[in-house]
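Structural overview for review
One letter stands for each residue in the lines below.
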Amino acid sequence: MKVKQVGENIVVNGVECLDLELTLDCGQAFRWEKQADGSFSGVAGGHFLNISKNDGGDLVFKNTTMDSFDGFFKNYFDLDKDYKKICDTLKEDDLLRSTIDEYYGIRILNQESWEALCSFVISQQNNIKRIKLIISRLCKAYGDEVAEGWYSFPSAERLSALSVEDFEALGCGYRAKYLEKLSKDVAGGKIDLEKIKALPLDDARKELLNIYGVGIKVANCALLFGFQFYEAFPVDVWMKRVMEYYPDGLPECFKGYEGIAQQYLFHWARNNLKN
């Protein structure tokens, strides 16, 4: 990977296995919007970014400083991880071999734990369009404007001042009571997300399942997408159908990267299995 500054942009050459659309619009993050020119704009970690690929396949981080790239976005997009090697290992499985070849370039984003946990609480019994709308309202109402029309995800401290009715006004529905208690518990120190992040997977999952409104699917999604547990394996209705292809359990080649395998299998299921 080679990184250079070109004017006000950061240009990164040599990154394999990163398809922006498959990664940013696959349901793991909800703050990215595809632009008319094919690029994506969004806010992560309090930073606004527009990102695209040029004709040579280089990643172009627009209006980004080297400090922001080195200090945040390199880790956010997991650019130091050898995804090609991981995918080559996963392709020892017959179904994943064809799936990875067809949908090559899905990555797990290293999202902030707080935002990911809130987002997947909101995601319960919801579709992606509505999840994005609710989160957009939440950020516009209580986040900080980091670029024109783009807002940061509000902190637990900020949201802890809200009532259930405030969350309901954003369209959160029955999830409002979960978000209200979660915000107060994190802000007050009853829930320590950094401590959870440092635990072994099974212990971290148990801690999340103790949170009001967090079930097994939300816990596993948060662990994979916000706590960097790559071995977490969320199962929804699509993945239950996928598991019929693995009656003896997940193959050995998935070990340690079950969550990356899950993303490919989930995408395959949504595109190939009939309702």
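Summary of the structure given here. Per chain, residue numbering runs from 1 following the sequence as it is written. Residue-level local features of this predicted model are given only where pLDDT is at least 70; pairs of side-chain atoms are given and counted only at 80 or more, and the full residue set underlies all totals for whole chains, interfaces and linings. To obtain the side-chain values, all non-hydrogen atoms of the structure were included, while hydrogens and water were left out.

1. Section: the nonpolar core
By size, the foremost hydrophobic cluster in this structure holds 72 residues, and its most contacted members are W114, L182, L208 and Y264. Aside from chain neighbours lying at most four places away, what touches Y264 is C17, C87, L96, T99, I100, Y103, Y104, G105 and I106. With 21 residues, the next largest nonpolar core counts A29, I51, L59 and Y76 among its residues. Side-chain atoms within 4.5 Å link the members of a nonpolar core, which is a set of buried Ala, Val, Leu, Ile, Met, Phe, Trp, Tyr and Cys residues. Summary of the burial criterion: residues with accessible area below 20% of their type's maximum are buried, those above 50% are exposed, and those between are partly exposed, where the area comes from a 1.4 Å probe applied to protein chains only. Contact between two residues is taken to exist if any of their heavy atoms lie within 4.5 Å; hydrogens are not considered.

2. Focus on unusual backbone geometry
Positive phi is not limited to glycine here, since D78 has a value of about 55°. As for its placement among the helices and strands, D78 is situated in the loop between α2 (66-76) and α3 (83-90). Even without a glycine there, the phi angle at Q125 is positive, about 50°. What counts as a helix is a DSSP run of H or I of at least four residues, what counts as a strand is a run of E of at least two, and both are numbered from the N terminus. Mapped onto the secondary structure, Q125 falls in the loop between α5 (113-122) and α6 (128-142). Note on Q125: relative accessible area 74%, which makes it exposed.

3. A short note on the pattern of salt bridges
Here, a salt bridge means any side-chain nitrogen of Lys or Arg that lies within 4 Å of a carboxyl oxygen of Asp or Glu. Taken as a whole, this structure holds nine salt bridges when the rule is applied. The residue D25 makes a salt bridge to K132 at a minimum N-O spacing of 3.3 Å. Of this pair, D25 sits in the loop between α1 (20-24) and β3 (32-34) while K132 sits in helix α6, placing them 107 residues apart in sequence. By relative accessible area, D25 is classed as partly exposed at 38%.

4. A look at the side chain of D58
One can find D58 in the loop between β5 (47-53) and β6 (59-62). With no salt bridge to any partner, buried D58 finds its closest opposite charge in K4, at an N-O distance of 6.1 Å. In this structure the side chain of D58 is engaged in a polar contact, spanning 2.8 Å, whose partner is the side chain of N13. Every residue in contact with D58, bar those within four places of it in the chain, is listed here: V11, V12, N13, S52 and K53. For the purpose of charge, His is not counted, nor are the chain termini; Lys and Arg are scored as positive and Asp and Glu as negative. Contacts described as polar in this section are N or O atom pairs within 3.5 Å, which, within protein, must combine one atom able to donate a hydrogen with one able to accept it, while residues neighboring in sequence count only if both atoms come from side chains.

5. So, the environment of Q35
Positionally, Q35 belongs in the loop between β3 and β4 (40-44). Each C-alpha atom, one on Q35 and one on Y257, is 31 Å from the other, the two residues being 222 residues apart in sequence. Each residue touching Q35, except ones within four places of it in the same chain, is listed here: F40, S41 and N50. At 2.9 Å, the side chain of Q35 and the backbone oxygen of E33 are in polar contact.

6. Here we look at the packing of aromatic side chains
The criterion for an aromatic pair is that two Phe, Tyr or Trp rings (for Trp, the six-membered ring) have centres within 6.5 Å, with stacked assigned to planes under 30 degrees apart, edge-to-face to planes over 60 apart and tilted to the rest. Counted according to the given criterion, the structure contains 17 aromatic pairs. When the centroid spacing of 5.8 Å and the interplanar angle of 80° are considered together, the rings of F61 and F77 count as edge-to-face. Of this pair, F61 sits in strand β6 while F77 is found in the loop between α2 and α3, placing the two residues 16 residues apart along the sequence. Overall, F77 belongs to the buried group, its relative accessible area being 1%.

7. Quick look at helix α9 (residues 176-187)
Along an α-helix, a turn takes 3.6 residues, which lines up residues three or four apart on a common side. When the terminal C-alpha atoms of α9 are compared, their 16 Å separation across 12 residues agrees well with the 16 Å that a helix rising 1.5 Å per residue should span. Among the residues making up α9, those that are buried are A176, Y178, L179, E180, L182, S183, D185 and V186. Residues of α9 that are buried sit in contact with α5, α7 (156-159), α8 (164-169) and α10 (193-197). Any helix carries an expected span of 1.5 Å times its number of residues minus one.

8. Some remarks on the sheet that holds strand β2 (residues 9-13)
The pairing criterion is simple: DSSP has to find at least two bridges between the two strands. Taken together, six strands build an open sheet; the order of strands is β1-β2-β6-β5-β4-β3 and the sheet is antiparallel. Looking at strand neighbours, the two that pair on one side only are β1 (2-6) and β3, the edges of this open sheet. This sheet shows a mean twist of 20° between the axes of neighbouring strands, independent of strand direction. Relative to β6, β5 runs antiparallel, the two sharing four bridges. Following the sheet pairing, K53 is matched in β6 by L59. Where helices are involved, their axes are fitted lines through C-alpha atoms of the stretch in contact, as for all axes, and angles between N-to-C directions lie from 0 to 180°. α2 contacts β1, β2, β3, β4, β5 and β6 of the sheet and is inclined by roughly 75° relative to β5.

Treat this as a map of the structure, not an account of what it does.
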